[in-house]
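If you want the building blocks of each chain, they are given just below.
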Amino acid sequence: MEYNCAVDTRSFYIHWPFCPYRCHFCPFVAISGQDHLMGQYHKALMKEIITFAQKTAPLGPLETIYLGGGTPSTWPNELLLDMFGILRDTFDLSKISEITLEANPGTVQKEQLAVWKEAGITRLSIGVQSLDDEVLRKLNRHQKVSDVYQLINWAQHEFDALSVDLIIGLPGIEEAQWKSMIHEVVQWPVNHISMYFLSIHENTPLYTRLVKNELTLPPEDPIVDLYYWTVEAFAKAGLEQYEISSFARAGFQAQHNQVYWERKPYKGFGIGSCSFDGQRRLQNIKNVMHYMKLLEEGKDIEASSELLTPEQIRLEKVMLGLRRMKGLVISDVLHDMTDQERNRFMYNMQEFEIEGLVKQSGGILYLNKSVVAVENEVALRLLQ
Ligand code: SF4
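Residues numbered from 1 in each chain as written. Predicted model: local features only at pLDDT ≥ 70, side-chain atom pairs only at ≥ 80, totals over all residues. Heavy atoms only, no water.

A.B. asks: Account for the pattern of salt bridges, with residues named and values stated.
C.D. replies: This structure, assessed with the given rule, holds 19 salt bridges. For R10, the salt bridge goes to D8, with nearest N and O atoms at 2.7 Å. Judged by relative accessible area, which is 48%, D8 ranks as partly exposed. Note that R314 is salt-bridged to D336, the shortest N-O span being 3.7 Å. Of the two residues, R314 is situated in helix 11 (residues 310-323) and D336 in the loop between helix 12 (330-334) and helix 13 (339-355); the sequence distance between them amounts to 22 residues. R314 sits in the buried class, given a relative accessible area of 7%. Connected through salt bridges with shared partners, the residues E262, K264, R324 and K326 form a single ionic network. (Salt bridge = Lys/Arg side-chain N within 4 Å of Asp/Glu carboxyl O. Buried < 20%, exposed > 50% of the residue type's maximum accessible area, 1.4 Å probe, protein only. Helix = DSSP H or I, 4+ residues; strand = E, 2+ residues; numbered from the N terminus.)

This is the structure:
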């Protein structure tokens, strides 16, 4: 089944898969060494967007667009401007509140920032990850601290909304070094930080090295302690936590991510991109050659389409609700449960409250801050 084009869709995710290198920890749909395909991919991507527009009744004004990757900062200027020309001709962008582009240090020329502004981009998400060149190099990420400083320096004059991504738990980063980086990062002219735990995904070189005992990861407990230390450090610097991995100064919470967390519809374009039409979760095929060929032939490019069951919807609501500091509206998950399910959920909630995992107040369930690192487990057990 295809994306339901009758749905009131206000957000787009657009995927640019090209990267100058392949980081060893990367689980994303990314390709390196294939830049000669950029023009052809762009053409296919535009065809996907235009075909979607032809199938839908005119959409209401779009609210957010997210250009993710891959490395969207390698998008050639003329192709990026061409896409925004098509988007403006095809959809109503007059009320858009946020257009984010992911940019990686070391892949940007100063002139691009003016082009991004001209295109309408309002927010940059900069992939810093670490300030240790050597640690990053060992993970096949070839960026330098000087690239980070340069990009932030350029970007602060062009964009109000700047976010940086950091990874906590990278092998080779000591506690003192992490703390010193955080002290520095909070001084930067950025108003949003995303901090992710390093996760090991199968089929990545990092996973293979671990399996072969060629690499040791830092032990988990000290990393969790360091996470809590960092949450405090961000709070002291005015970066309020609003989601497990997300911290922002007032007025700078990421709008596009709220769409995901609130389970609102969004349409994804490009290889591997995901969409949600309110009932189904869909994903495009990941192979770039197939994607381009199928679009050329006017064929379907979806790899999967799953109609969510009531149980899956509930689990999504609980997980997404607990991840956020504003919590889970309890009635949102109770309303379609049987009496037996409702009783079990209420019982679990009370037990978890006694255990100190969650707390309830005014019909909202909050995850206790001291257990955010095991949020998934708590969500799963709540529904057992
Ligand atoms: S730059 Fe990002 S998308 Fe590209 S390989 Fe590295 S982690 Fe993956």
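A.B. asks: Talk me through the sheet that holds strand 16 (residues 358-361); I want residue IDs and the actual numbers.
C.D. replies: Reading across from one edge, 15-17-16 is the order of the 3 strands in this open sheet, with antiparallel pairing throughout. What marks the edges here is a single partner per strand, and that holds for strand 15 (328-329) and strand 16. Both strand 15 and strand 17 (residues 364-367) contribute to a ladder of 2 bridges, which runs antiparallel. Looking at strand 17, one finds that V329 is bridged to I364. (Pairing = 2+ DSSP bridges.)

A.B. asks: So, empty space enclosed by the protein: which residues are in play, and what are the values?
C.D. replies: What the rule picks out here adds up to 1 cavity of 30 Å³ or more. Put simply, the largest cavity is a space of about 30 Å³. In terms of lining, the largest cavity is formed by K267, S273, S275, L282, Q283, N284 and E302. The element that contributes the greatest number of residues to the lining of the largest cavity is strand 13 (residues 280-284), accounting for 3 residues. In terms of residue class, the lining of the largest cavity is built from 1 nonpolar, 4 polar and 2 charged. (1 Å grid on protein atoms, 1.4 Å probe; cavity = no way out; pocket = protein on both sides within 12 Å on 5 of 7 lines; lining within 4 Å. Points joined across faces, edges and corners; volume = space filled by probe spheres on them. Nonpolar A, V, L, I, M, F, W, Y, C, P; charged D, E, K, R; others polar.)

A.B. asks: Give a detailed account of the domain arrangement of the protein, specifying residues and quantitative values.
C.D. replies: For the protein, the assigned domains read domain 1 (11-261) and domain 2 (310-382). Relative to domain 2, the C-alpha centre of domain 1 lies at a distance of 30 Å. Counting residues at the interface gives 11 residues for domain 1, matched by 10 residues for domain 2. Carbon and sulfur atoms supply 58% of the area buried between domain 1 and domain 2, which totals about 1000 Å² over both sides. For domain 1, the biggest contributors to the area lost against domain 2 are Y228, I244 and W261; these three give 52% of the whole. Counting the contacts that link domain 1 with domain 2 gives 1 salt bridge. Its salt-bridge partner being E243, residue R323 comes within 2.6 Å of it at the nearest N-O pair. For the side of domain 1 that touches domain 2, the secondary structure elements donating two or more residues are helix 8 (220-236), strand 9 (240-243) and helix 9 (255-261). Residue classes in the side of domain 1 that touches domain 2 are distributed as 7 nonpolar, 3 polar and 1 charged. (Domains from an automatic or database assignment. Contact = heavy atoms within 4.5 Å. Buried area = accessible area lost by both parts, 1.4 Å probe.)

A.B. asks: Quick one: what's the story with the site of the ligand, residue by residue and with numbers?
C.D. replies: Around the ligand, the structure places C19, Y21, R22, C23, F25, C26, F28, A30, G70, T71, N104 and R141. A per-class count over the shell around the ligand returns 7 nonpolar, 3 polar and 2 charged. (Near = heavy atom within 4 Å.)

A.B. asks: So what's going on with the sheet that holds strand 1 (residues 11-16)? Which residues, and what values?
C.D. replies: Spatial strand order, 9-10-8-7-6-5-4-1-11: 9 strands in an open sheet with mixed pairing. With partners counted over all chains shown, the strands left at the sheet margins are strand 9 and strand 11 (267-269), one partner each. Within this sheet the neighbouring strands show an average axis-to-axis angle of 20°, counted without direction. Relative to strand 6 (residues 123-129), strand 5 (residues 98-103) runs parallel, the two being bridged by 4 bridges. (Axes fitted to C-alpha atoms, helices over the stretch in contact; angles between N-to-C directions.)

A.B. asks: Describe in detail the layout of surface pockets, supporting the description with residues and values.
C.D. replies: The calculated volume of the second largest pocket comes to roughly 290 Å³. The wall of the second largest pocket is formed by 17 residues, among which E48, T51, K55, D300 and I301 lie closest to the centre. If you tally residues by element for the lining of the second largest pocket, the top one is helix 1 (residues 38-55), at 5 residues. For the lining of the second largest pocket, a count of residues per class yields 6 nonpolar, 3 polar and 8 charged.

A.B. asks: Kindly report on the packing of helix 13 against helix 14 (residues 375-382), identifying the contributing residues and their values.
C.D. replies: Look at helix 13 against helix 14: their axes get within 9 Å of each other, and the N-to-C directions meet at 140°. With respect to each other, helix 13 and helix 14 are oriented oblique. Touching F345, N348, M349, F352 and E355 of helix 13 are V378, R381 and L382, all from helix 14. Split by residue class, the contact of helix 13 with helix 14 holds 5 nonpolar, 1 polar and 2 charged. (Parallel < 35°, antiparallel > 145°, perpendicular 65-115°, else oblique.)

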